[in-house]
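Here's the letter readout for the chains.
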Amino acid sequence: MNKEENNNSFDWVYYVLGLFFGILTAAIATHSFGASLLGGIVGFIIAALFLNKIVKGRVY
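One structure accompanies this document, and this report is about it. Numbering of residues starts from 1 in each chain and follows the order in which that chain's sequence is written. Since the coordinates come from a predicted model, pLDDT governs what is reported: local features require at least 70, and pairs of side-chain atoms require 80 or more to be given and counted, while whole-chain, interface and lining totals use all residues. Here the side-chain values reflect all heavy atoms present in the structure, with hydrogen atoms and water set aside.

Overview of the overall build of the protein
Thinking step 1. A count of helices and strands for the protein gives two helices and zero strands.
Thinking step 2. Scored against the burial criterion, the 60 residues of the protein give a buried share of 18%.
Thinking step 3. Calculation of accessible area relied on Shrake-Rupley with a 1.4 Å probe; when residues are assessed, cover is drawn exclusively from the protein chains displayed. For the protein, the accessible area works out to roughly 5,300 Å², and carbon and sulfur atoms hold 67% of it. In this description a helix means any DSSP run of H or I spanning at least four residues, a strand means any run of E spanning at least two, and both kinds are numbered starting from the N terminus. A simple rule labels every residue: compare its accessible area, found with a 1.4 Å probe on the protein chains alone, to the largest value its type can have, and call it buried under 20%, exposed over 50%, or partly exposed in between.

Following this line, the structure appears as C-alpha cells:
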C-alpha cells in the first residue's frame, strides 16, 4: 500500500492574520488610515519572520 502525505500548506493563514491584526492594532491606536496601512505591512513582515525563522522546519 502507498501512504500519501498531506502536502497542504496553510502558511497563508499566518500572513492574513498578521496583516489583519496589524491593521486593526494601528487603526485603534492612531485612528489614521496611513498608519493602518503601515501597521498592516509591519504585521505582514512579522508573520513572515515568524514562519521563516521561528517555526521553519518544525514537524507537526
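Points about the environment of Gly34
Thinking step 1. Positionally, Gly34 belongs in helix α2 (residues 33-54).
Thinking step 2. Along the backbone, Gly34 and Ile23 are 11 residues apart, and their C-alpha atoms lie at a distance of 9.9 Å.

Re the packing of aromatic side chains
Thinking step 1. The criterion for an aromatic pair is that two Phe, Tyr or Trp rings (for Trp, the six-membered ring) have centres within 6.5 Å, with stacked assigned to planes under 30 degrees apart, edge-to-face to planes over 60 apart and tilted to the rest. The full count for this structure, using the stated rule, is three aromatic pairs.
Thinking step 2. A centroid spacing of 5.8 Å and a plane angle of 45° characterise the contact between Tyr14 and Phe50, whose relative ring orientation is tilted. Highlighted residues: Tyr14 in helix α1 (residues 11-30) and Phe50 in helix α2, separated in sequence by 36 residues.
Thinking step 3. Pairing Tyr15 with Phe44 gives two aromatic rings, centres 5.1 Å apart and planes at 35°, and the pair type is tilted. Of this pair, Tyr15 sits in helix α1 while Phe44 sits in helix α2; the two residues are 29 residues apart in sequence, bridging distant segments of the chain.

Topic: a nonpolar patch on the surface
Thinking step 1. A surface patch of nonpolar side chains, amounting to about 490 Å² of accessible area, comprises Leu17, Phe20, Phe21, Leu24 and Ile28.
Thinking step 2. Structurally, Leu24 can be placed in helix α1. Like-charged residues within 9 Å of one another, or nonpolar side chains (Val, Leu, Ile, Met, Phe, Trp, Tyr) within 5 Å, are grouped into patches, provided each residue has over 30% relative accessible area and no salt bridge. Salt-bridge detection follows one rule: a side-chain nitrogen of Lys or Arg within 4 Å of a carboxyl oxygen of Asp or Glu.

Some thoughts on unusual backbone geometry
Thinking step 1. For His31, which is not glycine, the phi torsion reads 60° and is therefore positive.
Thinking step 2. Summarising the element assignment, His31 is placed in the loop between α1 and α2.

Structural notes on α2
Thinking step 1. Here, expected helix span is obtained from the residue count minus one, scaled by 1.5 Å. A rise of 1.5 Å per residue sets the reference length of α2, with its 22 residues, at 32 Å; its end C-alpha atoms lie 31 Å apart and thus fit the reference within 8%.
Thinking step 2. Taken residue by residue, α2 has Ser36, Gly39, Gly40, Gly43, Ala47, Ala48 and Leu51 as its buried positions.
Thinking step 3. The inward-facing, buried residues of α2 abut α1.
Thinking step 4. Capping the start of α2 is the job of one residue whose side-chain oxygen sits 3.5 Å from the backbone nitrogen of Gly34: Ser32. In this analysis, two residues are considered to be in contact whenever any of their non-hydrogen atoms come within 4.5 Å of each other. Polar contacts, as used here, are pairs of N or O atoms within 3.5 Å; protein pairs need one atom able to donate a hydrogen and one able to accept it. Residues neighboring in sequence count only if both atoms are side-chain atoms.

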